[in-house]
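# An overview of the molecular structure
So you can see what is in the structure, the chains are spelled out below.
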Amino acid sequence: MAAVGPLSSPSGALCRLVLTLTILMFACDACKNVILHVPSKLDAEKFVGRVNLKECFKSASQIHSSDPDFRLLEDGSIYTTNAIVLPSEKRNFTVLLSNTENQEEKKIVVLLKHQTKVLKKRHSKEKALRRSKRRWAPIPCSMLENSLGPFPLFLQQVQSDTAQNYTIYYSIRGPGVDQEPLNLFYVERDTGNLYCTHPVDREQYESFELIAFATTPDGYTPELPLSLLIKIEDENDNYPIFTETTYIFTISENCRVGSTLGQVCATDKDEPDTMHTRLRYSIIEQVPAPPTPFSVHPTTGVLTVSSTQIDREVIDKYQLKIKVQDMDGQYFGLHTTSTCIIHIEDANDNLPTFTRSSYVTSVEENTVDVEILRVTVEDKDLVNTPNWRANYTILKGNENRNFKIFTDTKTNEGVLCVVKPLNYEERQQVTLQIGVVNEAPYSRESSSRSAISMATITVNVKNVDEGPECSPPVQTVRIRENVPVGTRNNGYRAYNSETRSSSGIRYRKLNDPREWVTVDENSGSITLLRSLDREAETISNGIYNITILASDGAGRTCTGTLGILLEDVNDNGPFIPRQTIIICRTTMSSVEIVAVDPDEPTNGPPFDFRLESVSNPDIQRMWRLARLNDTAARLSYQNDLPFGPYPVPVRVTDRLGQSQVTLLTVNLCDCITENDCTPHPGARSGNGEVIFGKWAILALLLGVALLFCILFTLVCGVSQTAKQPKVFPDDLAQQNLIVSNTEAPGDDKVCSTNDFTTHAVGSSAQGIGGTMGSGVKTGGQETIEMVKGGHQTMRHHHTLDSCRGGHVETDNCRYAYSEWHSFTQPRLGEVQLCNQDVDHKHTQDYVHSYNYEGKGSVAGSVGCCSEQQEDGLEFFGSFGTQI
């Protein structure tokens, strides 16, 4: 039993067996005929199949096809050169292999077969060739990827020799059948014909290993499972792809020929080790235009330098377009491109050179730590790199070390400074020789010329230097008013009195009345901070003055004035300054009005005067305007207007159409001259308000004064009533503090108190224990005060009238007990202890608290605050048991 491919016509079992043996023979001997199953229609550049050339003729040096519609590659791949259609079921051509050295030749016949019919179920009566040994083995099978069909596409037939004796059913399993991808292959149960249902991509599936089964209808398996390998033949359907879309390399400009820049690399998904994946690299485009100083290896993609003409100062970047193509670079191969950018790295192949061979400068004597000169160099190398940065050196003339030169890192200039004072009387001129080199060493051979550039500096020593000169002291600049904020303009310029140069002078503002500008410190130029207005109050004759202070490096200064001449812009409408007008009807019928324009005359008169009657249509009926000259007009009233003020709006327009409305107040007055004009009785203002005359105003003022007099009288009366004395009630005749320091004994005293006050009457007297009261006796009245620490606490004022031993009138000298108690208790608490001995101990008599003794008691309160006298105190006998 065996598996075979299709036949042109099914003529019997014997024929099938013979054909099977023939195909096996072809597979073993590559020099013999090769059969390829192809569709009936083939497109141009389509892969047909592959023959094994090396097994046929290993030393073949030339390969030719006898049919021009087909071409062969070195690996045996066969491609169509044109679109062809097979006219019949078969077409063949010959592959000629030859060796030019020994003139040996071999041929391979390739048979293209279009299978239109497949083997059907064999007739039961067909006779098969009996073999001595039966076998169940696979036949090599392949399928072209991306096949165009027709589908289902017949691949081969699986056969078992046991089919001669049994009815055999064929089946398959494996990838492409019951595994992913599902249903790609199937086999006919009765015939064993194997089919493919749709195209296959080799890059996804390189081959399929199926398992074939042969069983009888009753489930008997006369054969072991057969392994079928279906290989997918590669088609050149994948473009080679670069690993990067853009390659970036860097190489030094002084590199040698053959130096490697880098490598470009591409991959191809087609079958390895075939023409489909044999890649070739090439440079197809260059920016800038050739000659190209680079080359690429065709098989490795390595980029190398092929020229010595690489100069960064001429071209600092190259952009190459590199192509990779499969099929070993043949024109029909698939290709893609990538960009390669090559940056040329700078090398120090250019020396710095002075822009001038000699320099002259000057410096004041006795000046130190001041910059006197800047020298510049040219260097074509890359800016801000060690190959460009300069190092300056003083070679000769600085034996006394008066000078120093260093590099300005921002500008690469050489800055010459004085570090030790010069004496004009000793040397009036110094000659220096300076040199310059780069930070990086020079990369080229310097035998042809010196590797250092030199220049000469002549320094003149000044004897006198008066600092900056502000000449002329007043400088002007013209600026149009209303120019945009931020506008920059020339400013004040000061000069060095010796060199007449503005170099090194700094500027700043001293006075800017309206803060309109800023001054650049280095150039003196001005920049507007606010919009300029020629008609501003501080502007005189259109000139705005700014005071500038100029200073040099040594701190010497001068002052100048910058006058900004403001060029006028027609930004103001004309107006009438006199807005209140009086017309005396008895002597005048009109009045002259004059308009002014703040702008210059070119933007001013002649003026056009018109009545603005938009808000009040009666204006035209009541008033009339007549032009007098370019700046004036005559305003007159119409009809018989009543006396009084009238608002009259007048629009004045200048020659360029700028206008403004001025509201005039015209007062029609019954007068001879304007000074005699007074408001007419009953006259009303233009807005309907009542106007009062001078007599009416005087009457109002008199009425207000009378009202104030009445109020003042009422206030005075109320004040006198409030000053009536307040007396004590009857219930506290003897509850008052009395004075007991009288010189006449036996007088009982009842205080007739007018008020309790803190006003001091007499001087204070200091006691041993604290501050005591003092008494003043005047004309039958006695006043006692109690003070504490110099501050008054209480005063008693009472009369000494008939209070001795007889009836005492207490109705007018007593307060209620609650009032008296509330007055005395807080103040007694403030009184310090009195009558202490030398040891500051309390005596037997100091302030005690006494209870209320009842209404009408004739006894007074006793305490240390009373004067202790032996005479004149007979009234103590009346205290009784209360003490």
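Heads up: the structure comes first, above all this text.
Below, the structure is looked at part by part.

## Side note on a nonpolar patch on the surface
Residues Val704, Leu706, Leu707, Phe708, Ile710, Leu711 and Leu714 make up a contiguous nonpolar surface patch of about 710 Å² in total accessible area. Structurally, the position occupied by valine 704 is in helix H4 (residues 694-722).

## Things to note about the state of the cysteines
Disulfides are covalent bonds that link the sulfur atoms of two cysteine residues. For the coordinates displayed, the defined rule picks out 3 disulfides. A sulfur-sulfur distance of 2.0 Å marks the disulfide that ties cysteine 584 to cysteine 671. Looking down the S-S bond of the cysteine 584 and cysteine 671 bridge, the torsion is -85°, so its handedness is left-handed. With a gap of 87 residues between them, cysteine 584 in strand E45 (residues 580-584) and cysteine 671 in the loop between strand E51 (659-669) and H4 connect regions that are remote in the sequence. Like cysteine 671, cysteine 584 is buried. Covalently, cysteine 669 is tied to cysteine 677 through a disulfide, its sulfur atoms 2.2 Å apart. Taking the sign of the S-S torsion, about 115° here, the bridge from cysteine 669 to cysteine 677 comes out right-handed. One exposure class covers both cysteine 669 and cysteine 677, and it is buried. With no disulfide partner, cysteine 141 has as its closest neighbouring cysteine sulfur the one in cysteine 196, 9.7 Å distant.

## Focus: the packing of aromatic side chains
In this structure the tally under the stated criterion is 14 aromatic pairs. With a centroid separation of 4.6 Å and an interplanar angle of 10°, the aromatic rings of phenylalanine 70 and phenylalanine 93 are classed as stacked. Here phenylalanine 70, found in strand E6 (residues 70-72), pairs with phenylalanine 93, found in strand E9 (residues 90-99); they are 23 residues apart in sequence, far enough to count as distant. Here phenylalanine 70 matches phenylalanine 93 in class, with each residue buried. In this structure, arginine 173 is placed above the aromatic ring of phenylalanine 213, and the distance from its NZ or CZ to the ring centre is 5.3 Å. Above the ring of tyrosine 169, the side-chain terminus of arginine 189 is found at 3.9 Å from the ring centroid.

## Thoughts on the sheet that holds strand E2 (residues 34-37)
Strand order in the open sheet formed by 4 strands is E2-E10-E9-E5, with mixed pairing between adjacent strands. The open sheet is flanked by E2 and strand E5 (62-65), the only strands paired with a single partner. Across the sheet, the mean angle separating the axes of adjacent strands is 25° when strand polarity is ignored. Bridge count between E9 and strand E10 (residues 104-113): 10 bridges; the pairing is antiparallel. Residue pairing for E10: phenylalanine 93 is matched across the bridge by valine 110.

Conventions we followed
Residues numbered from 1 in each chain as written. Predicted model: local features only at pLDDT ≥ 70, side-chain atom pairs only at ≥ 80, totals over all residues. Heavy atoms only, no water. Patch = residues over 30% accessible without salt bridge, like charges linked within 9 Å, V, L, I, M, F, W, Y side chains within 5 Å. Areas by Shrake-Rupley, 256 points an atom, 1.4 Å probe, with all protein chains shown as cover. Salt bridge = Lys/Arg side-chain N within 4 Å of Asp/Glu carboxyl O. Helix = DSSP H or I, 4+ residues; strand = E, 2+ residues; numbered from the N terminus. Disulfide = S-S within 2.5 Å. Buried < 20%, exposed > 50% of the residue type's maximum accessible area, 1.4 Å probe, protein only. Phe/Tyr/Trp six-rings, centres within 6.5 Å; stacked < 30°, edge-to-face > 60°. Lys NZ or Arg CZ within 6 Å of the ring centre and 35° of its normal. Pairing = 2+ DSSP bridges. Axes fitted to C-alpha atoms, helices over the stretch in contact; angles between N-to-C directions.

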